[in-house]
Amino acid sequence: MGFNCGIVGLPNVGKSTLFNALTATAKAEAANFPFCTIEPNTGRVAVPDPRLDRIAAIGRSAAIVPTQLEFVDIAGLVRGASKGEGLGNQFLANIREVEAICHVLRCFEDGNVIHVENTVDPVRDAETVETELMLADLESLEKRVDALTKKARGQDKEAARQLDIVNRCLALLRDGQPARKVQLKDGEGRAFRMLQLLTAKPVLYVCNVDEGSAATGNALSDRVAEMAKAQGAGSVVISAAIEAEVAQLDDPAEKREFLESLGLEETGLARVIRAGYELLGLITFFTVGPKEARAWTIHKGTRAPQAAGVIHGDFERGFIAAETIAYDDFIALGGEQGAKEAGRMRQEGRDYVVQDGDVMLFRFNV
């Protein structure tokens, strides 16, 4: 599993079109009216990684198993969602379940596609959604204050720590800042995550542009990029219309030719994944053998036993060592045997921090 990302935005910005294209399914009905997506649709896509193909070729693996990315298409939000307007309550409940927010913004003019605000302004649209999320977080936190205050006065140290975090988040939110900007002290990460704040989630802004602007972006997407940079968020330019066309092409050569004709080197999916990985601090390690070559996704900073646990809990519980080869060494030396002979296969222990591209074999005993 790569990561779980909720596709959100105002109605008619291209969320469902993008979802359909990314997952190459018709699960989410794309229609020119608000709330065409009622229940959140979930789709998993393989994460494209050319390194996996090279590893599989050297390992002569019978199967190639990429890691996966999960998208959740969530109903469109409108002003007043924090008070239950439109499908607000459902929207907020769905977004609490995802790991990151993929915020689609309309960055194209088209008189045939209705905009709920009647004008196209992606920065305003982003602020509309962010404001609703902040209002929902404010209400959620304010409800907790009295109970936490009483417990803290009763010498409950855990409640006192939680109250301190809540008050710091409230100060930010009342100042119009998302909770993700809070400065956490050592050891506060778990307590902060337990608050399940909507504005604590990392955000990737996806600028949905017209086909002619897919390669370079446009003035509207440039404004979003500036906003994202100021917030410490990610942004990527994509044309949902182009992605929908690419999704219909089965032949890789045809896809390449089509993209090149538009001045594009890769699909929007690849850009979204790369930006999402960077946003969430994710990396990939590989396992390879005659049966299969497989990619696995973990967070940066993950140690070897926990990486082993992603494959199977027994691997982590009985962890002994990790035979590790850097990706570049694996390729340059022709695989495991060549790396062994060159002294480039390492025996790593419990404290080893897995690096992006590591090719690993875990030794364990349960």
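Rules behind the numbers
- Residues numbered from 1 in each chain as written.
- Predicted model: local features only at pLDDT ≥ 70, side-chain atom pairs only at ≥ 80, totals over all residues.
- Heavy atoms only, no water.
- Helix = DSSP H or I, 4+ residues; strand = E, 2+ residues; numbered from the N terminus.
- Buried < 20%, exposed > 50% of the residue type's maximum accessible area, 1.4 Å probe, protein only.
- Contact = heavy atoms within 4.5 Å.
- Areas by Shrake-Rupley, 256 points an atom, 1.4 Å probe, with all protein chains shown as cover.
- Pairing = 2+ DSSP bridges.
- Axes fitted to C-alpha atoms, helices over the stretch in contact; angles between N-to-C directions.
- Salt bridge = Lys/Arg side-chain N within 4 Å of Asp/Glu carboxyl O.
- Core = buried A, V, L, I, M, F, W, Y, C linked by side-chain atoms within 4.5 Å.
- Arc of directions from axis to C-beta.
- Phe/Tyr/Trp six-rings, centres within 6.5 Å; stacked < 30°, edge-to-face > 60°.
- Lys NZ or Arg CZ within 6 Å of the ring centre and 35° of its normal.

Visitor: A description of the overall build of the protein chain should follow, citing residues and the corresponding values.
Guide: A tally of regular secondary structure across the protein chain gives 14 helices and 12 strands. Across the 366 residues of the protein chain, 50% fall into the buried class. Taking the intrachain contacts of the protein chain between residues at least 6 apart in sequence as the baseline, contacts between residues at least 24 apart amount to 68%. Carbon and sulfur atoms provide 48% of the accessible area of the protein chain, an area that totals close to 17800 Å².

Visitor: How would you explain the sheet that holds strand β2 (residues 41–46) if you had to name every residue and give the values?
Guide: Ordered by their spatial adjacency, six strands build an open sheet running β2-β4-β1-β5-β6-β7, and the pairing between neighbours is mixed. Since the sheet does not close on itself, it has two edges, and those belong to β2 and β7 (234–238), each with one partner. Pairwise comparison of adjacent strand axes, ignoring direction, gives a mean angle of 25 degrees for this sheet. Each of β1 (4–8), β2, β4 (68–73), β5 (100–106), β6 (203–208) and β7 is contacted by helix α1 (residues 15–23), which is oriented at about 40 degrees to β2, the strand it contacts most. On the sheet, helix α7 (residues 219–231) packs against β5, β6 and β7 and is oriented at approximately 175 degrees with respect to β6.

Visitor: Can you lay out the environment of Gln248 for me, pointing to particular residues and giving the numbers?
Guide: Within the fold, Gln248 resides in the loop between α8 (240–247) and α9 (252–261). Gln248 sits in the exposed class, given a relative accessible area of 64%. For the pair Gln248 and Ala21, spaced 227 residues apart in the sequence, the C-alpha separation amounts to 8.5 Å.

Visitor: Explain the pattern of salt bridges to me, and be specific about the residues and the numbers.
Guide: This model, assessed by the stated rule, comprises 19 salt bridges. The salt bridge involving Arg223 is made with Asp121; its shortest N-O contact spans 3.3 Å. Placement of the pair is Arg223 in helix α7 and Asp121 in the loop between β5 and α4 (122–153), with a sequence separation of 102 residues. Note that Glu130 is salt-bridged to Arg180, the shortest N-O span being 2.8 Å. Taken together, the residues Glu130 in helix α4 and Arg180 in the loop between α5 (157–174) and α6 (189–194) connect sequence positions 50 residues apart. Note on Glu130: relative accessible area 11%, which makes it buried. One network of salt bridges, in which partners are shared, links Asp164, Arg168, Lys185 and Glu188.

Visitor: Tell me about the nonpolar core, and name the residues and values.
Guide: In terms of nonpolar packing, the biggest core is built from 51 residues, with Phe71, Ile95, Tyr205 and Val206 touching the most fellow members. When near neighbours in sequence (up to four residues on either side) are disregarded, Ile95 contacts Val8, Ile74, Ile101, Leu133, Leu198 and Lys201. Leu141, Cys169, Leu170 and Ala191 belong to the second-largest nonpolar core, a separate cluster that totals 19 residues.

Visitor: Any details on helix α2 (residues 50–59)? Residues and values, ideally.
Guide: Every buried residue belonging to α2 is among Arg51, Leu52, Ile55 and Ala56, and all of these are buried. For α2, the arc enclosing every buried residue in end-on projection is 135 degrees, short of the 170-degree limit, so these residues lie on one face.

Visitor: Got a sec to walk through the packing of aromatic side chains? Specific residues and values, please.
Guide: Taken as a whole and judged by the stated rule, the model has four aromatic pairs. Ring centres of Phe285 and Phe362 lie 6.0 Å apart, and the angle between their planes is 90 degrees; on these two criteria the pair is classed as edge-to-face. Remark: Phe362 occurs in strand β12 (residues 359–364) and Phe285 occurs in strand β8 (residues 282–288); sequence separation between them is 77 residues. Both residues of the pair, Phe285 and Phe362, count as buried. Put simply, the rings of Phe285, Trp296, Phe319 and Phe362 touch in pairs and so form one group of aromatic residues. A cation over a ring is seen here: Arg51 above Tyr327, with NZ or CZ 5.9 Å from the ring centre. Across the ring face of Phe108, the terminal group of Arg106 is positioned such that the distance to the ring centre comes to 4.6 Å.

Purely geometric stuff here, so don't read any function into it on its own.
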